[in-house]
Amino acid sequence: MDTIISRNPDDTMAWGEQWGREARPGQVLALEGPLGAGKTQLVKGIARGLGIADRIQSPTFGLLISYTSGRCPLHHLDLYRLKDARDTSRAGLEDYLFPQEAITVIEWPDRWCDRDQRPPTWEWVRIETRGEHDRLIEHESTRD
């Protein structure tokens, strides 16, 4: 498990950008953290690392935004408004949870499965708020 301290939103974006440069199709990154922790900021960095120039925003109300202008498509899911796996299935999002030709980033993955039930191929990121700007970011990957 990798652990970093982000001192500001630019640090969070830079870490995401590094991950985005290394990301490969088929990867899923599950982001845990409270509202305002920086999950979407991290996704902005991932998109930048993939070469996506589009404006990145949280898909809270639409549940999904796909970006295709980079070297690899990016699916950004926000499951905050869903209750459980049944809601995820009803919303038609299951295909995005196991991408083959794209990278998927999921905010609020606990709305689909508990951490101990997660697919073994998912990478897990936990963002903990440590002050107004400081964040503790833990990254667990099966790729390591």
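So, here is what we can say about the structure in this document. Predicted model, so just to flag it, every value in this text is computed and none were measured.

So, the overall build of the chain
Broken down by element type, the chain carries 3 helices and 7 strands. Here the C-alpha radius of gyration of the chain, 14 Å, is about what a compact globule of 144 residues would show, namely 15 Å. Referenced to the eigenvectors of the C-alpha coordinate spread, the extents of the chain come out at roughly 40 × 30 × 30 Å. With 144 residues in all, the chain has 49% of them scored as buried. Sequence-distant contacts in the chain: of pairs separated by 6 or more residues, those separated by 24 or more amount to 61%. For the chain, the exposed area adds up to about 7,400 Å²; of that, 45% sits on carbon and sulfur atoms. Charge-centre separation for the chain: the mean point of 19 positive side chains lies 3 Å from the mean point of 24 negative side chains.

Topic: the packing of aromatic side chains
In total, this model carries 4 aromatic pairs according to the counting rule given. Relative to Trp112, the ring of Phe98 lies with its centre 5.8 Å away and its plane at 70°, an arrangement referred to as edge-to-face. Here Phe98, found in the loop between helix 3 (85-90) and strand 5 (103-107), pairs with Trp112, found in the loop between strand 5 and strand 6 (123-129); they are 14 residues apart in sequence, far enough to count as distant. Given the relative accessible area of 44%, Phe98 is considered partly exposed. Within the aromatic cluster, the residues linked to one another by ring pairs are Phe98, Trp112, Trp122 and Trp124.

Quick word on the sheet that holds strand 7 (residues 135-140)
Spatial strand order, 1-7-6-2-5-4-3: 7 strands in an open sheet with mixed pairing. Each edge of the open sheet carries a strand with a single partner, namely strand 1 (2-6) and strand 3 (64-67). Here the strands of the sheet are splayed against their neighbours by 15° on average, with no regard to which way each runs. Along the sheet face, helix 1 (residues 9-22) touches strand 1, strand 2 (28-32), strand 5, strand 6 and strand 7 and points at about 145° away from the line of strand 1.

Things to note about the packing of helix 1 against helix 2 (residues 39-49)
Between helix 1 and helix 2, the shortest axis-to-axis distance is 6 Å and the interhelical angle comes to 40°. It follows from the interaxial angle that helix 1 and helix 2 lie oblique. Note on packing geometry: the crossing formed by helix 1 with helix 2 is right-handed. Facing Pro9, Thr12, Met13, Trp15, Gly16, Glu17, Trp19, Gly20 and Arg21 of helix 1, the residues of helix 2 in contact are Gln41, Leu42, Lys44, Gly45, Ile46, Arg48 and Gly49. Among the residues making up the contact of helix 1 with helix 2, the classes are represented as 6 nonpolar, 6 polar and 4 charged.

Scoring rules and cut-offs
- Residues numbered from 1 in each chain as written.
- Predicted model: local features only at pLDDT ≥ 70, side-chain atom pairs only at ≥ 80, totals over all residues.
- Heavy atoms only, no water.
- Helix = DSSP H or I, 4+ residues; strand = E, 2+ residues; numbered from the N terminus.
- Rg over C-alpha atoms; globule rule 2.2 N^0.38 Å.
- Buried < 20%, exposed > 50% of the residue type's maximum accessible area, 1.4 Å probe, protein only.
- Contact = heavy atoms within 4.5 Å.
- Areas by Shrake-Rupley, 256 points an atom, 1.4 Å probe, with all protein chains shown as cover.
- Lys, Arg positive; Asp, Glu negative; His and termini not counted.
- Charge placed at Lys NZ, Arg CZ, Asp CG, Glu CD.
- Phe/Tyr/Trp six-rings, centres within 6.5 Å; stacked < 30°, edge-to-face > 60°.
- Pairing = 2+ DSSP bridges.
- Axes fitted to C-alpha atoms, helices over the stretch in contact; angles between N-to-C directions.
- Parallel < 35°, antiparallel > 145°, perpendicular 65-115°, else oblique.
- Left-handed = near helix turned anticlockwise from the far one by under 90°.
- Nonpolar A, V, L, I, M, F, W, Y, C, P; charged D, E, K, R; others polar.

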